[in-house]
Amino acid sequence: METLYDMIIIGAGPAGLSAAQYAGRSNLKTLVIEEKSEGGQAVLIDRLENYPGILEPINGFDFAQNMKKQAEQFGAEFAYGKVTGLGRKDNVFVVPIESPEENPVTYQARTVLVATGAEHRHLDVPGEEEYYGKGVSYCATCDGPFFKNRHIVVVGGGDAACDEAGFLAHLTDRVTIIHRRDEFRAQKAIAERTIKNPHIRTRFNTIVTEILGDGNKVTGVQLESTQDGEKETLSCDAVFIFVGMNPRTELAALAKKDASGYLITDEYMQTSIRGLFAAGDIRATPFRQVITAAADGAIAAHAAANCIDEQQCGLQ
């Protein structure tokens, strides 16, 4: 007879690992399913120094491993493979996975938390991958402080790009924002604030065609005008890319989403489908950080426990 879990958590980033701790500690039979390795995007963090209570910076990999160990100590189980679908039968969620090492396996649970995160859209230009973590970043809050009083290039023209440029402008008086259109896509108030900021120089009708470096760090960008094709090399110390995110919501296709494709939840992290929760970067939220993802996960686990106690999960 197949094991029936109280909670299956899909994704072992900070949101999923936090949920696993709280679910396990609440005595819920908990299974975490991860396709690759624990940590999600957090493993790419070289120095996590703004997480409350951590005085000495820790790298993302070690941070994630510590979270996994805590979850295991509270009884959470882990399985590895690609979740190929998410269905429901007799008011129980059905979660099939494929693993390179084993035959396909199907798990069942009273509640499910989708914590598969979101992926940063890339420019897909030479040097972007090579210099990731060496001056190329997708998170101003995470990496901006490493480039105080340096020249920073921001790529993008939406709310995120303008907001992050504003944050970076508190750290340096040399921020150049590159946007391929002739005006920002950001909300009017945000765009105007960006243009008026004396520390931010705007370059419209321009694209980045290559990120340059010396093999160890970023040294500049190759620019091209979208109007006349004129090329230019601009020296800089870092490139922060904010051209959008792609939330990984395929497994929750029937749940309600916002205009950008993120899952909409209530304050308890429950989606429009009872018993199906979402946490972390996959969720519609104004701020995406390790700490907010962890908080989402803790809330979702607590809500799942209450849902099971009230014998409401799986019922429409």
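If you're wondering where the values come from, they're calculated on a predicted model, not measured in any experiment. (Residues numbered from 1 in each chain as written. Predicted model: local features only at pLDDT ≥ 70, side-chain atom pairs only at ≥ 80, totals over all residues. Heavy atoms only, no water.)

**Points about the side chain of aspartate 6**
The condition that has to hold: Numbering of helices and strands runs from the N terminus, with a helix taken as a DSSP run of H or I at least four residues long and a strand as a DSSP run of E at least two residues long. Burial status follows relative accessibility: with a 1.4 Å probe on protein chains alone, a residue under 20% of its type maximum counts as buried, one over 50% as exposed, and anything between as partly exposed. Residues adjacent in sequence count toward polar contacts only when both atoms are side-chain atoms; beyond that, a polar contact is any pair of N or O atoms within 3.5 Å, and within protein one must be able to donate a hydrogen and the other to accept it. We call two residues in contact when some of their heavy atoms are within 4.5 Å.
Assignment of secondary structure puts aspartate 6 in strand 1 (residues 4-10). Looking at aspartate 6, the relative accessible area reads 12%, which means it is buried. For aspartate 6, the side chain forms a polar contact with the side chain of arginine 110, separated by 2.8 Å. Leaving out residues up to four positions away in the same chain, aspartate 6 has contacts with Asn27, Leu28, Lys29, Arg110, Thr111 and Ile308.

**Some details on helix 6 (residues 290-309)**
Formally: What a helix should span is 1.5 Å times the count of its residues minus one.
For helix 6, with 20 residues, the first-to-last C-alpha span of 29 Å sits near the 28 Å given by 1.5 Å per residue. Phi turns positive, to about 55°, at glutamine 311, one or two residues after helix 6.

**Points about the sheet that holds strand 10 (residues 152-155)**
Rules: Here a strand pair is declared whenever DSSP counts at least two bridges between the two strands.
Reading across from one edge, 9-16-10-11-12 is the order of the 5 strands in this open sheet, with parallel pairing throughout. Since the sheet does not close on itself, it has two edges, and those belong to strand 9 (136-137) and strand 12 (200-203), each with one partner.

**Brief notes about the environment of glutamine 222**
Note that glutamine 222 resides in strand 14 (residues 218-225). For the pair formed by glutamine 222 and glutamine 65, sequence separation is 157 residues and the distance between their alpha carbons is 38 Å. Setting aside anything within four residues of it in sequence, one finds glutamine 222 in contact with Ile207, Val208, Thr209, Glu210, Leu212, Lys231, Glu232 and Thr233. Within the local environment of glutamine 222, its side chain forms a polar contact with the backbone oxygen of glutamate 232, the two atoms lying 3.4 Å apart.

**Quick look at the sheet that holds strand 13 (residues 206-213)**
Here is the rule we go by: Each axis is a line fitted through C-alpha atoms, taken for helices only over the stretch in contact, and angles between the N-to-C directions span 0 to 180 degrees.
Strand order across the open sheet formed by 3 strands is 13-14-15, with antiparallel pairing between neighbours. Each edge of the sheet is formed by a strand with only one pairing partner; in this case those strands are strand 13 and strand 15 (231-235). Mean inter-strand twist for the sheet, computed between neighbouring axes without regard to direction, equals 25°. Here strand 14 pairs with strand 15 via 5 bridges, running antiparallel. From the neighbouring strand, glutamate 224 faces strand 15, where its bridge partner is lysine 231.

**Considerations on empty space enclosed by the protein**
This is how it is decided: Cavity and pocket criteria rest on a 1 Å grid covering protein atoms alone: a 1.4 Å probe that fits but cannot get out defines a cavity, protein on both sides within 12 Å along at least 5 of 7 lines defines an open pocket, and an atom within 4 Å of a point defines a lining residue. Grid points are joined across faces, edges and corners, and a volume is the space filled by probe spheres set on the points. Polarity classes work like this: nonpolar for Ala, Val, Leu, Ile, Met, Phe, Trp, Tyr, Cys and Pro, charged for Asp, Glu, Lys and Arg, and polar for all others, with Gly in that last group.
Tallied over the entire structure, the rule returns 1 cavity of 30 Å³ or more. Its boundaries defined by the atoms lining it, the largest cavity holds a volume of some 40 Å³. Together, Gly280, Asp281, Thr285, Phe287, Arg288, Gln289, Thr292, Ala293 and Asp296 line the largest cavity. Per-class residue counts for the lining of the largest cavity are 2 nonpolar, 4 polar and 3 charged.

**What about the packing of helix 4 (residues 159-168) against helix 5 (residues 188-196)?**
Quick note on the threshold: Orientation is classified from the angle alone, with under 35 degrees giving roughly parallel, over 145 giving roughly antiparallel, 65 to 115 giving roughly perpendicular, and any other angle giving oblique. When the near helix sits turned anticlockwise from the far one by under a right angle, the crossing is termed left-handed; a clockwise turn instead gives a right-handed crossing.
Axis separation between helix 4 and helix 5 bottoms out at 10 Å; the angle between their running directions is 40°. Put simply, helix 4 runs oblique to helix 5. In terms of crossing hand, the pair formed by helix 4 and helix 5 is left-handed. Here Asp159, Cys162 and Asp163 of helix 4 come into contact with helix 5, specifically with Ile190, Arg193 and Thr194. Here the residues of the contact of helix 4 with helix 5 sort into 2 nonpolar, 1 polar and 3 charged.

Honestly, that's just the spatial picture; any functional story needs more than this.
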